[in-house]
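Take a look at the letters that make up each chain.
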Number of protein chains: 2
Amino acid sequence: MHVLDQKAHKPHERLADHLKDDLSQVDAMIRTRMASEHAPRIPEVTAHLVEAGGKRLRPMLTLAAARLCGYEGGHHVHLATAVEFIHTATLLHDDVVDESGQRRGRPTANLLWDNKSSVLVGDYLFARSFQLMTEADSLRVLKVLSNASATITEGEVLQLTAAQDITTTEDTYFKVVRGKTAALFAAATEVGGILAGVSEERIRALHDYGDALGIAFQVVDDLLDFWGGDATGKNVGDDFRERKLTLPIIKAIATADDDERAFWKRTLERNDQRDGDLEHALSLMSGHGALEATREAALGWSQRAKDSLVGLPEGPILDMLADIADYVVARLR
Amino acid sequence: MHVLDQKAHKPHERLADHLKDDLSQVDAMIRTRMASEHAPRIPEVTAHLVEAGGKRLRPMLTLAAARLCGYEGGHHVHLATAVEFIHTATLLHDDVVDESGQRRGRPTANLLWDNKSSVLVGDYLFARSFQLMTEADSLRVLKVLSNASATITEGEVLQLTAAQDITTTEDTYFKVVRGKTAALFAAATEVGGILAGVSEERIRALHDYGDALGIAFQVVDDLLDFWGGDATGKNVGDDFRERKLTLPIIKAIATADDDERAFWKRTLERNDQRDGDLEHALSLMSGHGALEATREAALGWSQRAKDSLVGLPEGPILDMLADIADYVVARLR
C-alpha cells in the first residue's frame, strides 16, 4: 500500500484508485478492440501510444461521471474506451499534422513507422470507437460523441488556418481550444450522465464541468510551453517555433507597439526566427503581463469547472473531480 | 432532353435519372453538411473533391436499395450523404497515404492545400457522416456503417503492409479489396434495405450484391491500370511504379520462373525500376495469361453480383442494378 499512499496526493491518481476495477476493464477492452485480425500493424502502432503511460484522464472522466450519477450497468466501459480511442486517433493525426517527432518524451508513431500508418491507424481507432458506442445502445450518446468528433476537427482546422496569423483574436483562440481539447472532455463527462439517465440539469452540469476543465487544461498547457519547468515532455518555446498563436502570444501582440509588432510579424508570419528571438518573445510576454494574464484566465476556467459541480450528487467522486480542477492549475504553482 | 438521351445507355446514368429527386436532395445535403461555421478551409477542400464530377455511385446504391425495397421515408438521403462522406474522407486520406498528385485528372487536395488539411478535413467528413447516421435513428445502420469503416481501414493498412512484398497471395489481395472497396459498397446497399425494414434474406442479398459489385469494380480497376485505354485518369502502370501487388501481378508472380522472379524482386521489392521494366512486366503478365485470368475473375464477381439480386423486388431499379454489374466489367470490352 506504500506506493499507492505516496501517489495518493495527485487527485487523478486517487480517482484512478477509486475506479480501479472499471479502469482495468477499460484497459482490457482497449487491448481487445485495438486488435485487427487482418492487419497486425494496427495494434503495433496503437500499443506504442496507448501504452505510453498516458493518464487515461478522458476515459476516467466518463467512468467517474457515470458512477457519480449512480450508474450500475457495464456500458460506461465501452464509452470510456471509445473516448480513449477518439483521443488516441486525434493524437496520431496531430503528429502527422504537426510533423512532430516526439510525444510524451518518446518518438512519435509517424517517425517510428510512417505518416501512412499514423493516418490509417487513427482512422481505424475512430471507426472502432463508433463500433463501441453502438454497443451502448444509446443514439443520444452517439449524437454527443459524433458532434464532439466534428468539433474537435473544426478546432484543429481552425488552428491550422489561424497559425502564423498575428491578427488571431482571443475569440478564435478559445474556439480552437473548445474544439481541439474541451469538446472531448465535455462529451466524456456528458455521456456518463446520459448513460446513468440523470436529469437534463445534471447532464448540462457534467458537460459544463468537462468543458471548463478542458479549457483550463489547454490554457495551462499553452502557458507551460513558455513557463517551462514542468514534465510536459515538450521543450520551452515549441509553440513559438511552430508559430502557433496561443493565448500568451495573442495577449502580448494585443499590447504591442510598432517595433514589437514588427518582431511578431517577422518571427511568426514571415518565419524568420533568429538566435535570441525566443528570449525576446518571453521578455515581451512577461513585460506586458501576458503570462500573468494567461495564468489568471486558467484559474478562472478552473473555478468555473468547480462551480459547475454544484447540484451533482455529493460524495468522494465529486470531491475528486473538484480536486482535479484545482490540480490542473496547480501545475502553474 | 437530348443530352440525357445520349447519356442514357450507361446504366448508372439511367439510375441517376430514375433517382434524380433523391439525388438532388443528397447534393443539397452534401453542400449543407460539409459547411463549417468556424473553419472555412473545410468546405473549400471538400468542394474540390465533391464537385470533381464523381459518379456518386455509392450514395446512389443506398438510394436505389431503399427505393427498391419500397422505402417511403426521407432518411435514405441522410444515409446516402453519410456514405458519400465516408468515401470522400477515405479519398482524402488515401491521397496522403499514396502521396498522390492527381485524382480524376485533377490535382489532389494534399497538393493544392497540404497533407494537414487532407487529414483533418477527412476526419471532419468522417465525424459528419456519423452525425448524419444518428439522424436516421437506427442503431443497426450505425453498426453496419461503423463496421464497414473499420473494415475499410483494415484493408488499407493490409495493403500498405502487403505492398512491395512479392509473396503476397490472392487471398491477401481479396482481403484488401473487400476492405478498401467492397465494404462500403456492401454497407451502402445493406443500409438501404435495413431502413426499408425488409426481411433478413433481402438485407443479406443487398449486402452480397454490393460486396460482389465492389470486388468486380476493384479488380477491373486494377486490371485497367495495365490494360489502359480507359478514362480512369490514371497512367498505365501506376500500380507497378507504386509497387502495389494487384491481382495481375500476383498471378504473374505465381507462375514465374527464376529469372522472372528475380525481375519482380528487383522492381517491386528492391524498388530498382529501369526503362523498359513496365513493358517487360506487361509482357510477362500477358504471356502467362495473368491479364486474361484477372479479366475472368472480374467477370465472375460481376456474375455473382447479378446472382445476388434473385429474390429482390422486380422492377426498373432491379434491372438497372443488374445492368450496373454488367457495365462495371464492360469497361474491359
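Just so we're clear, the structure is a prediction, and the values are computed from it rather than from any experiment.

Q: Looking at this structure, how should I read the overall build of chain A?
A: When you go through chain A residue by residue, the secondary structure sums to 17 helices and two strands. The proportion of buried residues among the 333 residues of chain A is 58%. Expressed as a percentage of contacts within chain A between residues at least 6 apart in sequence, the contacts between residues at least 24 apart total 73%. Carbon and sulfur atoms form 47% of the exposed surface of chain A, whose accessible area is close to 13,200 Å².

Q: Would you mind going over the environment of Pro59(B) with me for this structure?
A: Residues and elements named next belong to chain B. As for its placement among the helices and strands, Pro59 is situated in helix H5 (residues 57-68). Assessed through its relative accessible area of 0%, Pro59 is described here as buried. Setting aside residues no more than four positions away along its own chain, Pro59 makes contact with Ala80, Val83 and Glu84.

Q: Would you mind going over the packing of helix H8 (residues 115-135) of chain A against helix H9 (residues 139-162) of chain A with me for this structure?
A: Packed helix pairs are characterised by how far apart their axes lie and by the angle those axes make with each other. All names here are of chain A. Look at H8 against H9: their axes get within 10 Å of each other, and the N-to-C directions meet at 160 degrees. Judged by the inter-axis angle, H8 sits roughly antiparallel to H9. Once H8 is placed against H9, the crossing between them reads as right-handed. Taken together, the residues of H9 that come into contact with H8 (itself represented by Phe126, Phe130, Met133 and Thr134) are Leu142, Leu145, Ser146 and Ser149.

Q: What is the right way to look at the relation of the copies chain A and chain B in this model?
A: Both copies of the chain are related through a single rotation about an axis accompanied by a shift along the same axis. Superposition of chain A onto chain B requires a rotation of 180 degrees combined with a translation of 0.0 Å along the rotation axis, giving an RMSD of 0.0 Å. What we have between these two chains is a two-fold relation. Most of the interface of chain A is mirrored in chain B, where 100% of its interface residues are also at the interface.

Q: Hey, could you run me through the environment of His207(A) in this one?
A: All names here are of chain A. In this structure, His207 sits in helix H11 (residues 200-227). Residues His207 and Thr189 lie 18 residues apart in sequence; the distance between their C-alpha atoms is 5.9 Å. Those residues in contact with His207, other than ones at most four positions away along the chain, are Ala186, Thr189 and Glu190.

Q: Honestly, the interface of chain A and chain B in this entry has me stumped. Any pointers?
A: One widely used convention gives an interface's size as the accessible area the parts lose upon coming together. The interface is formed by 40 residues belonging to chain A together with 41 residues belonging to chain B. For the pairing of chain A and chain B, the buried interface totals around 3,800 Å² over both sides, and the portion due to carbon and sulfur atoms is 74%. The tally of links between chain A and chain B comes to zero salt bridges. On the surface where chain A and chain B come into contact, there are eight residue pairs in polar contact (both at pLDDT 80 or more). Sorting the residues of the side of chain A that touches chain B by element identifies helix H4 (41-50), helix H6 (75-98), H8 and H9 of chain A as the ones contributing at least two each.

Q: How do you make sense of unusual backbone geometry when you look at a structure like this?
A: Peptide bonds are, in most cases, trans, and in most cases residues other than glycine have a negative phi. Residue and element names in this part refer to chain A. One non-glycine residue, Arg56, lies in the positive phi region at around 55 degrees. Assignment of secondary structure puts Arg56 in the loop between H4 and helix H5 (57-68). Residue classification places Arg56 among the buried residues on the basis of a relative accessible area of 16%. With a phi close to 70 degrees, Gln164 is a non-glycine residue in the positive phi region. Mapping Gln164 onto the fold places it in the loop between H9 and helix H10 (170-196).

Q: Help me understand the side chain of Gln159(A) in this model?
A: Residue and element names in this part refer to chain A. Among the secondary structure elements, Gln159 is positioned in helix H9. A relative accessible area of 16% means that Gln159 is categorised as buried. Setting aside residues up to four positions removed in sequence, Gln159 forms contacts with Val176, Lys180 and Lys244.

Q: Help me out: how do you make sense of helix H9 (residues 139-162) of chain B in this one?
A: Because each turn of an α-helix spans 3.6 residues, side chains separated by three or four positions end up pointing in the same direction. All names here are of chain B. End to end, H9 covers 34 Å across 24 residues, agreeing with the expected 34 Å (1.5 Å per residue, within 8%). Within H9, 18 of the 24 residues are buried, which leaves it mostly tucked inside the rest of the structure. Directly beyond the C-terminal end of H9, a positive phi value near 65 degrees is found at Gln164.

Q: Help me out: how do you make sense of the packing of helix H13 (residues 247-254) of chain A against helix H14 (residues 258-269) of chain A in this one?
A: Residues and elements named next belong to chain A. Running from N to C, H13 and H14 cross one another at 140 degrees; their axes reach a closest spacing of 9 Å. Note on packing geometry: the crossing formed by H13 with H14 is left-handed. Residues Ile249, Ala252 and Ile253 of H13 lie in contact with H14, whose contacting residues are Arg261, Trp264 and Leu268.

Q: Looking at this model, I keep getting lost on the nonpolar core. Mind explaining?
A: Nonpolar side chains tend to gather and get buried jointly when the protein is soluble and globular. In terms of nonpolar packing, the biggest core is built from 219 residues, with Trp264(A) and Trp264(B) touching the most fellow members. Excluding its chain neighbours within four sequence positions, the residues that come into contact with Trp264(B) are Ile166(B), Phe240(B), Ile249(B), Ala252(B), Ile253(B), Ala256(B), Glu269(B), Ala281(B), Leu284(B) and Met285(B).

Q: Looking at this model, I keep getting lost on helix H10 (residues 170-196) of chain B. Mind explaining?
A: Under the 1.5 Å per step criterion, the end-to-end length of H10(B) is 36 Å for 27 residues, consistent within 8% with the ideal 39 Å. With respect to burial, H10(B) is a largely interior element, 20 of its 27 residues being buried.

Definitions and cut-offs
Residues numbered from 1 in each chain as written. Chains lettered and ligands numbered in written order. Predicted model: local features only at pLDDT ≥ 70, side-chain atom pairs only at ≥ 80, totals over all residues. Heavy atoms only, no water. Helix = DSSP H or I, 4+ residues; strand = E, 2+ residues; numbered from the N terminus. Buried < 20%, exposed > 50% of the residue type's maximum accessible area, 1.4 Å probe, protein only. Contact = heavy atoms within 4.5 Å. Areas by Shrake-Rupley, 256 points an atom, 1.4 Å probe, with all protein chains shown as cover. Axes fitted to C-alpha atoms, helices over the stretch in contact; angles between N-to-C directions. Parallel < 35°, antiparallel > 145°, perpendicular 65-115°, else oblique. Left-handed = near helix turned anticlockwise from the far one by under 90°. Least-squares fit on C-alpha atoms with pLDDT ≥ 70 in both. Buried area = accessible area lost by both parts, 1.4 Å probe. Salt bridge = Lys/Arg side-chain N within 4 Å of Asp/Glu carboxyl O. Polar contact = N/O pair within 3.5 Å; in protein donor to acceptor, adjacent residues only side chain to side chain. Expected span 1.5 Å × (residues − 1). Core = buried A, V, L, I, M, F, W, Y, C linked by side-chain atoms within 4.5 Å.

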